[in-house]
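# Per-entry structural report
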Amino acid sequence: MAVVITHFQTKHIVTLRHVMNRVKEGDFSIRYEPKTKDEIAELGITFNSLLDRIQELMLQQKNNQKAKRKMELQMIQEQIKPHFLYNVLEMINSMIRCSMTQNALSAVESLASFYRISLSRGSDIISVDREIQVTENYLSLQKMRYIEFMDYILAFSPRIRNYIIPKLTLQPLIENSIYHGIKEKGDKGIVCVSGYIEDGRVFLEVFDTGTGIPPEKLEELRQMVDSNVSEPENHFGLVSVIRRLNIHYNDQASLKIESKYGEYTCVTISFPAKEYDTNR
């Protein structure tokens, strides 16, 4: 009798082992079909639950990757707007006509560098140092266009330069500061972009001395960012920025908006500090 029971149990162990081997080979669709109600069947059911969870996580990861790619494409299409290129080229053309050769050459160099990094193929994750280069190129071009009412300051801690960041994270925030803050003020204003590391997190701030945000509008924007809902076109991409960061940092990113109407606006983003792999 004992021999029969042992043979019966061994058969089910072999079956469960066969299922496990199939999983090791990459077949996550297979499942163990329990024939009894003993410990082996319980083990098989637990293993099935583990496979279900693994498949769920794999599907979630796949969907996150799709969402990430879609978001990145939308962000790049939004950031690299044709009108920005056209306006800069028109500015360069005017400089050449006015015999401002050196200014025109500087503009061409900044424009080429901006697009070289922002449109480069390969990983959409770059070092903060490269993101600073893109930011400086963009601000340099915008200052040339709006020299009568705009200046900028870059103040980054050297310690953050070798951490990773999704490409073109800062640009939409800076564009917002210029077009919806500084330009609307009338007087000359300053855009200050800074960054530092604290408690294992990278903090990046975009501050402007523009018109600020009315209290009711500020509350609306904060709720929109916190609830992660879709935003109308005129809300400047704040939700898109935090969504994109959270895809890369597993919902560990944050975005904070501070503003005093008529005086300033400051947008701060933060995310876990992860070192950039120089072999990328």
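Going by the structure above, here's the rest.
Because the structure is predicted, anything quoted here is derived from the model rather than measured.

Next up on the list: the overall build of the chain. Helices and strands together make up the secondary structure of the chain, namely eight helices and seven strands. Counting only residues that meet the buried cut, the chain has 42% of its 280 residues in that class. Of the contacts formed within the chain by residues at least 6 apart in sequence, a portion of 69% connects residues at least 24 apart.

Further remarks concern the packing of aromatic side chains. Under the definition given, this model contains nine aromatic pairs. Relative to Phe-114, the ring of Phe-84 lies with its centre 5.7 Å away and its plane at 65°, an arrangement referred to as edge-to-face. Here Phe-84, found in helix H3 (residues 82-97), pairs with Phe-114, found in helix H4 (residues 101-118); they are 30 residues apart in sequence, far enough to count as distant. Its relative accessible area of 0% is what places Phe-114 among the buried residues. Taking the centre distance of 5.2 Å and the plane angle of 90° together, the rings of Phe-114 and Tyr-115 count as edge-to-face.

Attention shifts here to the sheet that holds strand E7 (residues 264-272). Taking strand neighbours across the sheet as the criterion, the five strands line up as E2-E4-E5-E7-E6 in an open arrangement whose pairing is mixed. One side of each edge strand has no neighbouring strand; the edge strands of this open sheet are strand E2 (150-156) and strand E6 (254-260). Each strand axis lies, on average, 10° off the axis of its neighbour in the sheet, ignoring direction. Here strand E5 (residues 201-208) runs beside E7; their pairing, made up of eight bridges, is antiparallel. Of the residues in E7, the one forming a bridge with Val-206 is Val-267.

How each quantity is defined
Residues numbered from 1 in each chain as written. Predicted model: local features only at pLDDT ≥ 70, side-chain atom pairs only at ≥ 80, totals over all residues. Heavy atoms only, no water. Helix = DSSP H or I, 4+ residues; strand = E, 2+ residues; numbered from the N terminus. Buried < 20%, exposed > 50% of the residue type's maximum accessible area, 1.4 Å probe, protein only. Contact = heavy atoms within 4.5 Å. Phe/Tyr/Trp six-rings, centres within 6.5 Å; stacked < 30°, edge-to-face > 60°. Pairing = 2+ DSSP bridges. Axes fitted to C-alpha atoms, helices over the stretch in contact; angles between N-to-C directions.

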